[in-house]
Amino acid sequence: MSGRTRSWLFRVTVAAADLLSPEQRARPLSARPAPRPCSPAQGSLKCFLGALNMEMTEVTGVSLKRGSLAVEDNDSLVPAEEAKRLKVSKCCLIKGQDGLENNSLPSCENVPRLPDDSLSAGKSTENSDAQLEEEEEEEEDGLSEEDDDEEAESFADMMKHGLTELDVGITKFVSSHQGFSGILKERYSDFVVHEIGKDGRIIHLDDLSIPVDEEDPSEDVFTVLTAEEKQRLEELQLFKNKETSVAIEVVEDTKEKRTIIHQAIKSLFPGLETKTEDREGKKYIVAYHAAGKKALANPRKHCWPKSRGSYCHFVLYKENKDTMDAINVLSKYLRVKPNIFSYMGTKDKRAITVQEIAVLKITAQRLAHLNKCLMNFKLGNFSYQKSPLKLGELQGNHFTVVLRNITGTDDQVQQAMNSLKETGFINYYGMQRFGTTAVPTYQVGRAILQNSWAEVMDLILKPRSGAEKGYLVKCREEWAKTKNPAAALRKLPVKRCVEGQLLRGLSKYGMKNIVSAFGIIPRNNRLMYIHSYQSYVWNNMVSKRIEEYGLKPVPGDLVLKGVSEAYRKMLTADSLDIDNMRHRIRDYSLSGAYRKIIIRPQNVSWEVVAYDDPKIPLLNTDVDNLEGKPPPVFAFEGKYRALKMDFSLPPSTYATMAIREVLKMDTSIKNQTQLNTTWLR
């Protein structure tokens, strides 16, 4: 036997139907592969989820094997103001889709600022271009909600050129019931996601109290400093001026007042130390840097009680922010680096989501104070723990979804939901995995694997069909006209987007070193292109497998046998060799992993409700419950009918794919936008 065969022999299992027990045959099938980029491997099989491993597993109570990134399906539209809700809902129905690892790449239309390696352009340029970072911070501060209005107005036009499910291999259903139509996410509150924690419990925000701790300073620390003093201290803390210290006069000189000012500076501005000085008969508190720039990212150790766990865990409720953006907002208000936060999984922007967060040596008191100054956020359920959170530790997510204006009869709804509960749905990668513009992200991923770097550059930067923000259109036009990265970069007010980062890299390394220029883009974002191509292959292969073999397990589900020619044919057409997926850049070498073919949701429940006003919320959020709001009252025989669904899914699965199985309709943004536009006329 050859070395190549031995390298994947451990995956070989005879998956024939006659080996299943009667009990197993009666249960719905589930299977797995999940794409996972990793170091080069010897085997040819592991490259593209090569096997469809049939298993008989339940979702609840088990920690499932998954790829290197935990992904949660969160796709909801959440306008910032009530006045914008109807307008935005007309054209942004599924813009975020339900990506589990926040799969949409950050174009200039949607710019997440990653907590770790994306604060700067990358390790190789971490300390170069400090001025650019300051400009970027100012740009981010200056972006107003008017941008959301522009996005709302142009999004429907842009989606005319978007992808459909057919374009990314999503073609099959496993159920036989008759489909019906319904509107997904007509309102932001129609899609709510609660994380399922390590212990298997659904996480809720239900307690805003602060743990009693005698070590905490008084509430006066939040008000003792003036706005001007805070501004000067922040500039000192972030090295934004040439001052080496800031002196604050103690107007009412008492020991208690001086103590509060000392505590306020040290707690609100990590990295600064204080001392008391007499100057011309007056008392001053002088703030200065204790340990250079590193002090900002490493909170002082001596001021944290030894008996208290080093990490404050809390539940974060958020609207219209993805996890990475939310953490950047929190870190900005707390004046700390984002990398002191940890979490089990990222949640997408377009949703109301509830998840657990941990932060290093920030008190619950300081975190709770943010509830007074942040909109669309709420922090609670505080506790001190010894350990942070880690990606992938979550058990999954629980979804509460409202589909409005449904056309199905009660019997049709009953059949569809029973099928979802008992049979499940095909575990396709959802539409968000592939981007929202006329250039699918899987095309960029394919070019990376082909080592076609000029094409990678062109796909990211070239002009494209559909509406985009004016400055991005101008940037692309400048690039097409001049191929001058510096000139194109000047057209962008936001430079942390993928386009801006690539142009910055091209300016730094030159047009003949595209690989290094592309490497300036944060690693997670670069790998999303690879993930997208893997997902594209998976979707097409699972559709072909179900078309030919249905739901019965067959030889070839665990190894490249039987359906192997389909893999080989598809990759050959893309100028790739399934027997050799090593890449000269280690990050882009693919080993693959198993992913379940069928997912059967747990904790499934539903009801059909009637309503007259399309603007009223049809479910309560955690914040509604904390504020004591009564549950919605439904009409006995209303003008419209809605389907309220509750279900739990494991990580790295897409709620929109479950909803697709219920409705038997295309969940792409293009299709949903057209449906919603028709409905709202």
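Predicted model only: the values in this text are computed from it and were never measured.

Calculation rules
- Residue numbering note: each chain is counted from 1, following its sequence as written.
- Local features in this predicted model are restricted to residues whose pLDDT is 70 or higher, and side-chain atom pairs enter the listing and the counts only when it is 80 or higher, whereas totals over whole chains, interfaces and linings include all residues.
- Hydrogen atoms and water are omitted, and side-chain values are computed over all heavy atoms in the structure.
- To qualify as a helix, a DSSP run of H or I must reach at least 4 residues; to qualify as a strand, a run of E must reach at least 2; elements of each kind are numbered from the N terminus.
- Type-normalised accessible area, obtained with a 1.4 Å probe on protein chains alone, sets the label of each residue: buried when under 20%, exposed when over 50%, and partly exposed for intermediate values.
- In short, Shrake-Rupley with a 1.4 Å probe defines the accessible areas, and a residue's cover is counted only from the protein chains shown.
- Contact criterion: two residues are considered in contact whenever any of their non-hydrogen atoms come within 4.5 Å of each other.
- As a per-residue measure, pLDDT reflects the predictor's confidence and takes values from 0 up to 100.
- When a carboxyl oxygen of Asp or Glu is within 4 Å of a side-chain nitrogen of Lys or Arg, the pair counts as a salt bridge.
- For two strands to count as paired, DSSP must find a minimum of two bridges between them.
- Axis angles are defined between N-to-C directions and span 0 to 180 degrees, where every axis is a line fitted to C-alpha atoms and, for a helix, only to the segment in contact.
- Note on terminology: angles under 35 degrees are roughly parallel, angles over 145 are roughly antiparallel, angles of 65 to 115 are roughly perpendicular, and the others are oblique.
- Handedness of a crossing is defined here by the sense of rotation of the near helix relative to the far one, left-handed for an anticlockwise turn of less than a right angle and right-handed for a clockwise turn.
- When residues are sorted by character, Ala, Val, Leu, Ile, Met, Phe, Trp, Tyr, Cys and Pro go into the nonpolar class, Asp, Glu, Lys and Arg into the charged class, and all the rest, Gly among them, into the polar class.
- Here a polar contact means two N or O atoms within 3.5 Å. Within protein one must be a hydrogen donor candidate and the other an acceptor candidate, and residues neighboring in sequence count only if both atoms are side-chain atoms.
- Patch membership requires over 30% relative accessible area and the absence of a salt bridge. Like charges are linked within 9 Å, and nonpolar side chains (Val, Leu, Ile, Met, Phe, Trp, Tyr) within 5 Å.
- Only four residue types enter the charge count: Lys and Arg as positive, Asp and Glu as negative, with His and the chain ends excluded.
- Charged groups are reduced to one reference atom each: NZ for lysine, CZ for arginine, CG for aspartic acid, CD for glutamic acid.

What the protein chain contains, in helices and strands, is 22 helices and 16 strands. For the protein chain, the proportion of its 681 residues judged to be buried stands at 58%. Put simply, the protein chain shows about 28400 Å² of open surface, and 48% of that area lies on carbon and sulfur atoms.

With that settled, consider helix H13 (residues 453-461). Restricting attention to buried positions, one finds in H13 the residues Trp453, Val456, Met457, Leu459, Ile460 and Leu461. Contacts made by the buried residues of H13 are with helix H12 (441-449), helix H14 (470-482), helix H16 (498-509), helix H17 (514-518) and helix H18 (523-549).

Detailed reading of the predicted coordinates is not advisable wherever pLDDT is low. Of the residues in the protein chain, 71% have a pLDDT of 70 or more, and the chain-wide mean is 75. Residue range residues 109-153 is modelled with pLDDT below 50. Its contacts to residues more than four positions away, or to other chains, number 92 contacts. Predicted confidence for residues 677-681 stays below pLDDT 50, and this span has ten contacts to residues more than four positions away or in other chains.

Summed over all chains, the structure comprises 19 salt bridges. Between Lys629 and Asp624 there is a salt bridge, with the nearest N and O atoms lying 3.5 Å from each other. By relative accessible area, Lys629 is classed as partly exposed at 44%. A relative accessible area of 15% places Asp624 in the buried class.

Judged by pairing direction, the sheet is antiparallel, and its three strands sit side by side in the order S5-S7-S6 without closing on themselves. Of all strands in the sheet, those bounded by a partner on one side alone are strand S5 (245-249) and strand S6 (272-279). Along the sheet, successive strands turn relative to each other by an average axial angle of 25 degrees, direction set aside. In this sheet, strand S7 (residues 282-289) lies alongside S5 in antiparallel orientation, the contact comprising five bridges. Residue pairing in the sheet places Ala247 in a bridge with Val286 of S7.

Now for the packing of H13 against H16. Packing of H13 against H16 brings their axes to within 10 Å, and their N-to-C directions diverge by 135 degrees. Judged on the interaxial angle alone, H16 and H13 are oblique. Like other packed secondary-structure pairs, H13 and H16 cross with a definite hand, here left-handed. Across from Met457, Ile460 and Leu461 in H13, the residues of H16 making contact are Val498, Glu499, Leu502, Leu503 and Leu506. Grouping the constituent residues of the contact of H13 with H16 by class yields seven nonpolar, no polar and one charged.

With respect to the secondary-structure elements, Thr363 resides in the loop between strand S10 (352-360) and helix H10 (364-369). With a relative accessible area of 11%, Thr363 lands in the buried category. Side-chain polar atoms of Thr363 contact the backbone nitrogen of Arg366, separated by 3.1 Å.

Here Met541 lies in helix H18. Residues Met541 and Val563, spaced 22 residues apart in sequence, show a C-alpha to C-alpha distance of 8.4 Å. The contacts of Met541, once residues within four sequence positions are left out, are Ala566, Tyr567 and Met570.

What follows deals with a positive patch on the surface. There is a patch of like positive charges on the surface, built from Lys474, Lys481, Arg490 and Lys491. Within the element layout of this structure, Lys474 appears in helix H14. A residue is classified by how much of its surface remains accessible, and Lys474, at 52% relative accessible area, is exposed.

Time to look at H12. Summarising burial for H12: eight of the nine residues are buried, a large majority. Taken as a whole, H12 has its buried residues at Thr441, Tyr442, Val444, Gly445, Arg446, Ala447, Ile448 and Leu449. Looking at the buried positions of H12, the neighbouring elements they touch are H13, H17 and H18. Remark: Asn451 follows H12 within two positions and exhibits a positive phi of approximately 60 degrees.

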